[in-house]
Amino acid sequence: MPDLAKRWEVSPDGLAYTFYLQEGVQFHDGTDLDAQAVKWNFEHMMDPQTRAFTRVFYKDVREVEVVDRHTVRFVLHEPNYMFLLVVSGYRLGSP
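Since the model is a prediction, treat every value here as computed from it, not as a measurement.

*Asks:* Explain the packing of aromatic side chains to me, please; I cannot follow it from the model alone.
*Replies:* Tallied over the entire structure, the rule returns 6 aromatic pairs. Ring geometry for W8 versus F19: centroids 6.3 Å apart, planes at 45 degrees, classification tilted. Remark: F19 occurs in strand β2 (residues 16-21) and W8 occurs in strand β1 (residues 5-10); sequence separation between them is 11 residues. Accessibility expressed as a relative area gives 37% for W8, which makes it partly exposed. The class for F19 is buried, based on a relative accessible area of 8%. With a centroid separation of 5.5 Å and 55 degrees between ring planes, the pair formed by F74 and F83 is classed as tilted. The residues F74 and F83 share a single accessibility class, namely buried.

This is the structure we're talking about:
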C-alpha cells in the first residue's frame, strides 16, 4: 500500500520508475514534501561525501528527475527488479 506516493509507474524497459507523490504531506517543520525535496534527499544520501550507509542500496540509480511539483522519476543504469522494495524502505529481516 502506498504511503508517500499515491501511485507509480515502471517503464517497459525497467529503467525508469515514476512516482506520483501524495499532496498535502509535510515534514515535521511544516515544509511541503514535493519532488524537489525527494530529489535532494536521495541525491544527498547517494553522494559519496555524505557517507550514508544506505548509499549502497541505490548504486543502480543513474539520475533522480523532478518531472513536476508532485512527480519524481528515478532512472537506473540497468533494470533492478528489487528497486521498489529498496525505495520503499523494505529490509530483509525487518519485522
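*Asks:* I'm lost on unusual backbone geometry in this one. Help?
*Replies:* Peptide bonds are mostly trans, and most non-glycine residues show a negative phi. One non-glycine residue, R51, lies in the positive phi region at around 60 degrees. Relative to the elements of secondary structure, R51 occurs in the loop between α1 (35-46) and β3 (61-68).

*Asks:* Would you take a moment to explain the sheet that holds β1 for this structure?
*Replies:* Pairing between the strands of a sheet comes from backbone hydrogen bonds, and it takes one of two forms, parallel or antiparallel. Spatially, β1-β2-β4-β3 is the arrangement adopted by the 4 strands of the open sheet, whose pairing is antiparallel. Of all the strands in the sheet, the pair left with one neighbour each is β1 and β3. Between one strand and the next, the sheet's axes are offset by a mean angle of 20 degrees, whatever the strand orientation. Here β1 runs beside β2; their pairing, made up of 5 bridges, is antiparallel. Following the sheet pairing, V10 is matched in β2 by Y17. Packing against the sheet, α1 makes contact with β2, β3 and β4 (71-76), and its axis sits at approximately 165 degrees to β3.

*Asks:* Teacher, can you tell me more about the pairing of β2 here?
*Replies:* The side chains of a regular strand alternate, first on one face of the sheet and then on the other. Counting buried positions along β2 yields 6 of 6 residues, so the element is predominantly enclosed. On β2, burial covers both faces: A16, T18 and Y20 on one face and Y17, F19 and L21 on the other are all buried. The hairpin formed by β1 and β2 contains 5 residues between the paired strands, and G14 there has a positive phi angle of roughly 75 degrees. As paired strands, β2 and β4 are joined by 5 bridges and run antiparallel to one another. Along β4, the bridge assignment pairs F19 with V72.

What counts, and where the lines are drawn
Residues numbered from 1 in each chain as written. Predicted model: local features only at pLDDT ≥ 70, side-chain atom pairs only at ≥ 80, totals over all residues. Heavy atoms only, no water. Phe/Tyr/Trp six-rings, centres within 6.5 Å; stacked < 30°, edge-to-face > 60°. Helix = DSSP H or I, 4+ residues; strand = E, 2+ residues; numbered from the N terminus. Buried < 20%, exposed > 50% of the residue type's maximum accessible area, 1.4 Å probe, protein only. Pairing = 2+ DSSP bridges. Axes fitted to C-alpha atoms, helices over the stretch in contact; angles between N-to-C directions. Contact = heavy atoms within 4.5 Å.

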